[in-house]
Amino acid sequence: MMQTNRFWKFVFLTLIATLMVMAGIIFFLWRRLTAEEVHALSGIAVKDISYITSLVLIFAFVAFIGLQIIYLTYIKPLKTFCAEAELIYSTNPSHRVKITGNRDFKRLATVINDFADMFENLNKTITEQILNARKETEKERNLLAAIMSELPQGVIICNSNGRILLFNSLAKKIFTPGSGQGKSEIFLGLGRSVFHLLDKALIAHALEEIEDRLENPGQNMASSFIAPIHADRLISAEAIPVLDPENRITGFILAFQDVTDEINLYDTTHEKLIALKTDLDIQVQKVREMLNTSGLVPRDTPFLHQELMKAVDLWPRQYEEVSEDLLEAISTRLPLTRHLLKDFLFGVKQKAKYLHDIHLNLSLPDEASHLLADTYSFTAALIFLLQNLSEMIKNDEFNLSIVQKKGFLVFEISWEGPLILRSRIDQLMQKRINSLPSLFYVLRQNKASFEAICDNHEKSSRVRIIARAGSKTQAREKHQAPVITGSRPEFYDLDLFRTDAEDNNLFNTDLKNITYTVFDTETTGLNPDGGDEIISLAAVRIVNNRIVYQDIFEELVDPKRDIPMESYRIHGINYEMVTGKKDIRTIMPAFKDYAAETVLLGHNIAFDMKMFKVKEKQTGIRLMNPVLDTLLLSAVLHPVHARHDMESIAERLGVNIIGRHTALGDAIATAEIFLKLIPLLNSNGVLTLRDAVKASKKSYYARLKY
């Protein structure tokens, strides 16, 4: 497929102009001829028409050959020089100019290649010097990375927009479900949003809490919470702000650990203690009955009888003390923190009004009272309770009074209006609170209890929640200081937080700052509308202008049909390899999650997108991501080259393809090719995604349809 050539356009326009001038001259001369001269010339033209036609054709043929020689000898080599030289200095220093032209151009090619040898050697020397200078720094960076990787806590570092900048191996382990744990498409990777892993409202609450504390220096700057993750697991997390020198939040660190087993231990121990108390009550009652009904009460044993009764009465109190200490020790892993009760209730009142238009009349104890709780889940529990009670009684006004008694805070919610059956209130305890567990579980993890107070048989007009009051001896605060980016050690500076705010207009974003999902498919054939199916889908991501090889997507797909031999010879995937694998209806939702909020990138991507298009009805998945194609971009950058297949582009750019005609191998090769193309695109004025899409449409290959 020949590209439109400016030289031949020029020749064509010149020929048209020449013919028009000649026609004008002939017309002028023809007007000056006499009738006899016109008749004579007409007779000659009719008589010798074959000779005249032959002369015209011979002249046209000779002119074409001459022009073709001029083009191949002077014009094409000159155009090729530009493209080849640009490849050398911007992308592939090992590339050399191969010119077939006249002697002068060949000499020029030799000179350019000599300069290329010097440039490559100089580049290698500079690279070696840089590597030697960075060896010590790399040792320290690797040591820090190793320590970071093996911390006993999971760590995720995010920028202010929630984009993941760094995470360690324990974080990867905690957020990657094992086999058989349900959902497997949970992607933790650089550049991804942390809100795909944790509830956004929870993180927002933590950051709001941190913002409030920043206004009061000396307070604990961290915000703790419990969050549910996949497969009914729970993590105990602490959000720590990262501040710039002006005390503005530029990011945050999430330090967390899986506390599911600890909470289960707490629940189990609690149940055992309750069973123990029940048994003790039974035994105590039996002893009392024996002592009270015994006929053997000697005169000399009243003192013994009295002491025995004292001991029996002491057992329940001893149990209460021991169980309280035991539960307190077991619950130390729960992130229950001490909060000023007045501020906590003011926040609950505001959220109830804003979210559900519920008005709350507060009656507070003394100003200095504190609450011991996980504020996010406890706030959610109170608002959930108010919302459901409001729906039951058709009323939006409640009274909330708080009384402090012996280390406890008694929250009593009452209302004017119809009474509610106790059974209906009890049913609320088993309902889930959005992304959190049930109301019963949330209250229990906050070490709080709940009861409906019935004044009229089984109907109630008030409920009560008993929570822990926070004292300084009970809740030793950890004054976690924020990380100040300006104070980082000089030997380790990643500049992780020097990122621009997210640009809602992705098309105006620099190509180097975009996150890409580079993918490829292998299929049963080349006819999407004719019933050919995807049998392999793989992808890799480009983040911050580099390939993240650890963040890959690779799946074999059961096509529910045979695989032709001619296709098998290309990709090596046979029917036995895909039989029983997930089908396209399962794979496409997972791939959509993987590619969320990225630009799709591929080689001859029109074919792959067509394969997805024909499956939209079957899968219910429609990919709306922006799309770029390395085939079109290469054709735009190098129109003088006739071949733009993956192998030819890779050879020009110095990319080594490993695993050709495997979906993952081709995806990685496409990613490497694209990173080599970016400097060439920038030097040609293609800087943003909009520029790249616009340039792609000008390529001849953009006209191809599948």
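Residues numbered from 1 in each chain as written. Predicted model: local features only at pLDDT ≥ 70, side-chain atom pairs only at ≥ 80, totals over all residues. Heavy atoms only, no water.

A.B. asks: So what about the overall build of the chain? Which residues, and what values?
C.D. replies: On a plain count of helices and strands, the chain comes out with 21 helices and 21 strands. Residues classed as buried in the chain amount to 41% of the 706 residues present. Taking the intrachain contacts of the chain between residues at least 6 apart in sequence as the baseline, contacts between residues at least 24 apart amount to 68%. Of the accessible surface of the chain, which amounts to about 40100 Å², a share of 57% is contributed by carbon and sulfur atoms. (Helix = DSSP H or I, 4+ residues; strand = E, 2+ residues; numbered from the N terminus. Buried < 20%, exposed > 50% of the residue type's maximum accessible area, 1.4 Å probe, protein only. Contact = heavy atoms within 4.5 Å. Areas by Shrake-Rupley, 256 points an atom, 1.4 Å probe, with all protein chains shown as cover.)

A.B. asks: Any chance you could break down the sheet that holds strand β20 (residues 599–602) for me, citing the residues and the numbers?
C.D. replies: Sheet architecture is open: five strands sit in the order β19-β18-β17-β20-β21, paired in mixed fashion. Of all strands in the sheet, those bounded by a partner on one side alone are β19 (546–556) and β21 (627–629). When the angles between neighbouring strand axes are averaged without regard to direction, this sheet yields 25°. As paired strands, strand β17 (residues 516–523) and strand β18 (residues 534–543) are joined by eight bridges and run antiparallel to one another. Along β18, the bridge assignment pairs Val518 with Val540. Contacts between helix α16 (residues 605–613) and the sheet are confined to β17, β18, β20 and β21, with β17 contributing the most and set at about 75° to the helix. (Pairing = 2+ DSSP bridges. Axes fitted to C-alpha atoms, helices over the stretch in contact; angles between N-to-C directions.)

A.B. asks: Quick one: what's the story with the pairing of strand β10 (residues 408–414), residue by residue and with numbers?
C.D. replies: Most of β10 is tucked away: six of the seven residues are buried. Examined bridge by bridge, strand β9 (residues 397–405) and β10 share seven bridges and lie antiparallel to one another. For Ser401, the partnering residue across the bridge sits in β10 and is Glu412. Judged from the seven bridges that link them, β10 and strand β15 (residues 459–469) form a sheet pairing that is antiparallel. Along β15, the bridge assignment pairs Phe411 with Ile465.

A.B. asks: I'd like a description of the packing of aromatic side chains, backed by residues and values.
C.D. replies: By convention here, two paired aromatic rings are described through the distance between centres and the angle between planes. In total, this model carries twelve aromatic pairs according to the counting rule given. Between the aromatic rings of Tyr516 and Phe674, the centroid separation amounts to 4.8 Å while the plane-to-plane angle is 65°, which identifies the pairing as edge-to-face. In this pair, Tyr516 is assigned in strand β17 and Phe674 in helix α20 (residues 663–683), connecting sequence segments 158 residues apart. What makes Tyr516 buried here is its relative accessible area of 1%. Overall, Phe674 belongs to the buried group, its relative accessible area being 0%. On the numbers, 5.8 Å between centres and 45° between planes, the contact of Phe591 with Phe612 is tilted. Of this pair, Phe591 sits in helix α15 (residues 584–594) while Phe612 sits in helix α16; the two residues are 21 residues apart in sequence, bridging distant segments of the chain. On the basis of relative accessible area, Phe612 is assigned to the buried category, the value being 6%. (Phe/Tyr/Trp six-rings, centres within 6.5 Å; stacked < 30°, edge-to-face > 60°.)

A.B. asks: Residue-level account of unusual backbone geometry, with values.
C.D. replies: As a rule of thumb, non-glycine residues mostly have phi less than zero, and peptide bonds are mostly trans rather than cis. With a phi close to 60°, Lys394 is a non-glycine residue in the positive phi region. Topologically, Lys394 is positioned in the loop between α10 (375–393) and β9. The exposure class assigned to Lys394 is exposed, which follows from its relative accessible area of 73%. In the Ramachandran plot, Lys560 falls in the positive-phi region, its phi being about 60° despite a non-glycine side chain. Within the secondary structure, Lys560 is located in the loop between β19 and α13 (565–571). Overall, the relative accessible area of 60% leaves Lys560 in the exposed class.

A.B. asks: Run through the pattern of salt bridges, naming residues and quoting values.
C.D. replies: Summed over the entire model, instances satisfying the criterion amount to 19 salt bridges. Between Glu412 and Arg464 there is a salt bridge whose closest N-O contact spans 2.8 Å. Highlighted residues: Glu412 in strand β10 and Arg464 in strand β15, separated in sequence by 52 residues. Across the pair Arg561 and Asp532 runs a salt bridge, and its minimum N-O distance is 3.3 Å. Placement of the pair is Arg561 in the loop between β19 and α13 and Asp532 in the loop between β17 and β18, with a sequence separation of 29 residues. Linked by salt bridges that have partners in common, Glu412, Glu451, Arg462 and Arg464 make up one network. (Salt bridge = Lys/Arg side-chain N within 4 Å of Asp/Glu carboxyl O.)

A.B. asks: Requested: an account of the pairing of β15, with residues and values cited.
C.D. replies: As paired strands, strand β8 (residues 370–373) and β15 are joined by two bridges and run antiparallel to one another. Following the sheet pairing, Leu371 is matched in β15 by Ala469. Pairing geometry for strand β11 (residues 420–421) and β15, over two bridges, is antiparallel. Among the inter-strand pairings, Leu421 is bridged to a residue of β15, identified as Lys459. The loop that links strand β14 (residues 449–456) with its antiparallel partner β15 comprises two residues; one of these, His457, has a positive phi angle of about 55°.

A.B. asks: Would you mind going over the packing of helix α9 (residues 341–356) against α10 in detail, with residue names and values included?
C.D. replies: Taken N-terminus to C-terminus, the directions of α9 and α10 make an angle of 50°; their axes are 10 Å apart at the nearest point. Taken together, the axes of α9 and α10 are oblique relative to one another. The two elements α9 and α10 cross, and the hand of that crossing is right-handed. On α10, the residues touching Phe344, Val348, Lys351, Ala352 and His356 of α9 are Thr375, Phe378, Thr379, Leu382, Ile383, Leu386 and Gln387. Residue composition of the contact of α9 with α10, grouped by class: seven nonpolar, four polar and one charged. (Parallel < 35°, antiparallel > 145°, perpendicular 65-115°, else oblique. Left-handed = near helix turned anticlockwise from the far one by under 90°. Nonpolar A, V, L, I, M, F, W, Y, C, P; charged D, E, K, R; others polar.)

A.B. asks: Which residues make up the side chain of Thr670, and what are the values?
C.D. replies: Following the sequence through the fold, Thr670 ends up in helix α20. In this structure Thr670 comes out as buried when scored by relative accessible area, which is 2%. A polar contact is formed between the side chain of Thr670 and the backbone oxygen of Asp666, at a distance of 2.7 Å. Excluding anything up to four places from it in sequence, Thr670 contacts Val518, Gly602, His603, Thr630 and Met646. (Polar contact = N/O pair within 3.5 Å; in protein donor to acceptor, adjacent residues only side chain to side chain.)

A.B. asks: Residues and numbers for the nonpolar core, please.
C.D. replies: Formed by 71 residues in total, the largest nonpolar core has its most connected members in Ile156, Phe175, Leu254, Phe378, Leu389 and Phe411. Counting residues per element, this core draws most heavily on α10, at twelve residues. Sequence-distant contacts of Phe411, defined by excluding residues within four places in its chain, comprise Leu341, Leu345, Leu371, Phe378, Leu400, Ser401, Ile402, Val463, Arg464, Ile465 and Ala467. By size, the runner-up hydrophobic cluster in this structure holds 30 residues, among which are Leu511, Ala650, Leu677 and Leu689. (Core = buried A, V, L, I, M, F, W, Y, C linked by side-chain atoms within 4.5 Å.)

A.B. asks: I'd love a proper account of helix α6 (residues 200–214), names of residues and values included.
C.D. replies: Across its 15 residues, α6 extends 21 Å between first and last C-alpha, which sits within 8% of the 21 Å expected from 1.5 Å per residue. Those residues of α6 lying buried are Leu202, Ile203, His205, Ala206, Glu209, Ile210, Arg213 and Leu214. At the N-terminal boundary of α6, the capping side chain belongs to Asp199, with an oxygen 3.3 Å from the backbone nitrogen of Ala201. (Expected span 1.5 Å × (residues − 1).)

A.B. asks: Could you give an account of a nonpolar patch on the surface, with specific residues and numbers?
C.D. replies: Judged by side-chain polarity, Leu15, Leu19, Met22, Ile26, Trp30, Leu41 and Ile44 come together as a nonpolar surface patch covering roughly 670 Å² of accessible area. Residue assignment for the nonpolar patch shows that the elements contributing at least two residues are α1 (6–32) and α2 (35–47). By residue number, the principal contributor to the nonpolar patch is α1, which donates five residues. By the secondary structure assignment, Leu15 is in helix α1. (Patch = residues over 30% accessible without salt bridge, like charges linked within 9 Å, V, L, I, M, F, W, Y side chains within 5 Å.)

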